[in-house]
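# Observations on chain architecture
Next come the chains, spelled out residue by residue.
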Amino acid sequence: MKNFSVKTIVAIGIGAALFFVLSTYVAIPTPIPNLKVSVHYPVIAVMAMLFGPVAGCLMGLIGHFLSDLASGWGVWWSWVAGSAFFGLAMGFIGFKIDLAKGDFGIKGAVIFNVVQVIAHLIAWGLIAPALDILIYSEPVEKIFLQGAVGSVGNIVSTAIVGTILCFAYAATRAKKGSLKMEK
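Residues numbered from 1 in each chain as written. Predicted model: local features only at pLDDT ≥ 70, side-chain atom pairs only at ≥ 80, totals over all residues. Heavy atoms only, no water.

Another point: the pattern of salt bridges. Evaluation of the coordinates by the stated rule reveals 2 salt bridges. Between K101 and D98 there is a salt bridge, with its nearest N and O atoms 3.9 Å apart. Note on D98: relative accessible area 25%, which makes it partly exposed. The shortest N-O distance in the salt bridge between E138 and K142 comes to 2.7 Å. In this structure E138 comes out as buried when scored by relative accessible area, which is 15%. Overall, the relative accessible area of 33% leaves K142 in the partly exposed class. (Salt bridge = Lys/Arg side-chain N within 4 Å of Asp/Glu carboxyl O. Buried < 20%, exposed > 50% of the residue type's maximum accessible area, 1.4 Å probe, protein only.)

Okay, here's the thing in structure tokens:
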């Protein structure tokens, strides 16, 4: 388990705040009611990889809760649960890819993108729609359409922005053996 320190708690706060700001102010509306595409999921994915699944889960949960609260249409716990699951799932990649040590190449990009696609499909194609039907009695056709459009938009934004963020972050990390003593 990633170290749950003060640094991790601060990261959870920053991740949740970034989720809120990016989903509220940097969002592309879609023709589907109450659905927009944004870059908050790539940011949460990278932060979850760095700080672990519990931190990723809390970033998604708190960030989405605050975003829904500020939106004016109320908190949709079904979609908050989807964001929490996504953060949790992406946090587990940090055990396979040590982004903090600059471990991100082509293999890392493939693993990152396979997992993010699966996580988005489960979050928005299964968890959020199923809970919408169970909790809010939403119409099946409407909610699965929202889930499908949300999945595609989130997958594309995470694939592009998330992969770029991972490569950029890994490039800032000193590689083992890269420093040499001068005479």
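Now, onward.
Moving on to the packing of aromatic side chains. A full pass over the atoms with the stated rule returns 10 aromatic pairs. Ring centres of F104 and F112 lie 6.3 Å apart, and the angle between their planes is 80°; on these two criteria the pair is classed as edge-to-face. Under the relative-accessibility criterion, F104 is labelled buried at 8%. Centroid distance F104 to F167: 4.8 Å. Interplanar angle 80°. Geometry classified as edge-to-face. With F104 in the loop between α4 (77-93) and α5 (106-136) and F167 in helix α6 (residues 140-172), this residue pair connects regions lying 63 residues apart in the sequence. Assessed through its relative accessible area of 33%, F167 is described here as partly exposed. Put simply, the rings of F19, Y41, W79, F86 and W124 touch in pairs and so form one group of aromatic residues. (Phe/Tyr/Trp six-rings, centres within 6.5 Å; stacked < 30°, edge-to-face > 60°. Helix = DSSP H or I, 4+ residues; strand = E, 2+ residues; numbered from the N terminus.)

Among the structural elements, T163 can be located in helix α6. Aside from chain neighbours lying at most four places away, what touches T163 is F104, A109, F112, N113 and T158. (Contact = heavy atoms within 4.5 Å.)

Right, let's talk about the state of the cysteines for a bit. All chains considered together, the criterion is met by 0 disulfides. We note that C166 lacks a disulfide partner, and the nearest cysteine sulfur, in C57, lies 19 Å from it. (Disulfide = S-S within 2.5 Å.)

Turning to a nonpolar patch on the surface, a few remarks are in order. A cluster of nonpolar side chains, namely I106, V110, V114, I118, I122, L126 and F167, defines an oily patch on the protein surface of about 630 Å² accessible area. Take the nonpolar patch: its biggest share by element is 6 residues, from α5. Position of I106 among the secondary structure elements: in helix α5. The exposed category is assigned to I106, whose relative accessible area is 67%. (Patch = residues over 30% accessible without salt bridge, like charges linked within 9 Å, V, L, I, M, F, W, Y side chains within 5 Å. Areas by Shrake-Rupley, 256 points an atom, 1.4 Å probe, with all protein chains shown as cover.)

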